[in-house]
Amino acid sequence: MSLVKLSNGSFHAGNLILVNQSYSCQNNTERSLVPVIDQNESVLLNRAAVVLLSSLMEKIHGWKNIVPVSGWRPVQEQQKIWDDTMAESGEEFTKKFVAVPGHSEHQTGLAIDLALESKQIDFICPDFPYTGICQIFRRKATSYGFIERYPSGKEAITGIGHEPWHFRYVGVPHADIMDELNMTLEEYIPFLKKYPYGQLPFRYKKNGIVVDISYLPADFAGETKIDINTELPYSISGNNVDGFIITEWRNADDGQKRLQRA
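Residues numbered from 1 in each chain as written. Predicted model: local features only at pLDDT ≥ 70, side-chain atom pairs only at ≥ 80, totals over all residues. Heavy atoms only, no water.

Re the pattern of salt bridges
And then number 1: A complete count under the given rule lists 13 salt bridges for this structure.
And then number 2: Measuring nitrogen to oxygen at the nearest pair gives 2.7 Å for the salt bridge that ties Glu-105 to Arg-149. Taken together, the residues span a long stretch of sequence, with Glu-105 in the loop between helix H3 (91–97) and strand S5 (111–116) and Arg-149 in strand S6 (residues 146–150) at a distance of 44 residues. Pair check on accessibility: Glu-105 and Arg-149 agree, each one buried.
And then number 3: A salt bridge links Glu-187 to Lys-154; the nearest nitrogen and oxygen atoms lie 3.1 Å apart. Separated by 33 residues along the polypeptide, Glu-187 in helix H7 (residues 185–192) and Lys-154 in the loop between S6 and helix H5 (155–158) bring together distant segments of the chain.
And then number 4: Relative accessible area serves as the criterion here: at 11%, Lys-154 is assigned to the buried category.
And then number 5: Several salt bridges converge on common partners, so that one network encompasses Glu-105, Arg-149, Arg-168 and Glu-186. (Salt bridge = Lys/Arg side-chain N within 4 Å of Asp/Glu carboxyl O. Helix = DSSP H or I, 4+ residues; strand = E, 2+ residues; numbered from the N terminus. Buried < 20%, exposed > 50% of the residue type's maximum accessible area, 1.4 Å probe, protein only.)

Structural notes on the nonpolar core
Across soluble globular proteins, you tend to see nonpolar side chains buried next to one another.
And then number 1: Leu-53, Ile-112, Leu-114, Phe-128, Phe-137 and Phe-146 are the most contacted members of the largest nonpolar core, which totals 34 residues.
And then number 2: Within the residue set of this core, elements represented by two or more residues are strand S2 (33–37), strand S3 (40–46), helix H1 (47–60), helix H2 (75–89), S5, helix H4 (132–141) and strand S7 (163–169).
And then number 3: For this core, the element with the most residues is H1, which contributes eight residues.
And then number 4: In this view, Phe-146 contacts Ala-49, Leu-52, Leu-53, Ala-141, Phe-167, Arg-168, Tyr-169 and Ala-175; residues no more than four positions away in its chain are not counted. (Core = buried A, V, L, I, M, F, W, Y, C linked by side-chain atoms within 4.5 Å. Contact = heavy atoms within 4.5 Å.)

Concerning the environment of Met-86
And then number 1: Here Met-86 shows up in helix H2.
And then number 2: Spatially, the C-alpha atom of Met-86 lies 31 Å from that of Val-50, the residues being 36 residues apart in sequence.
And then number 3: Apart from the residues within four sequence positions on either side, Met-86 is in contact with Glu-91 and Thr-94.

Have a look at this one:
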């Protein structure tokens, strides 16, 4: 076991941060941004998310018919989108499909809007149907760490309308777990609090992989300290609320380890 120290405020960073109407984006993500497609530097995303997204698109030949619409946005761009949409479409539409500036997932560098390629693409509500290549992408996305962030039937929980085009990178195996439990990020974060670190973890098993997941509250008075087995693959993500999500791989072959730690 090794002692790992987490700096004060670092719970605002990581793949599992919750950003919504209640919790603003407080992490500077610009250092880790890379183009989603080499030839298109206008759409940027977190480096790890790009690695997994590229692997998925290569697997399904997705970039032949799918285009990236919007990735990372600075708060100034989000403000302009909010103001323009408010002026063009009104308050009801804007609040349904545009996050309040400072509270947008696009500011995290972990969210991307995708569209089925066409001559005209709606920037706010791009077409990404539940058929064809788009549905193939959707079915495989969780295995690569992506979730459909704002599903139908969960609008009262997420505070955002149904957005079939908006995908969020949360990492492996969390995307699979959320999909299997039919949970949004708003539901998943409090669910994991039932499994305090150092006690009985939430154990997930799939395809010979065994993963333990638990929650560690942040020490708001200073550094948060954790004793962890660093000889096994693990990751630590803030939840942007009050603590950290600890993910520990107990059994994985070399290929899966590389995927999970990406």
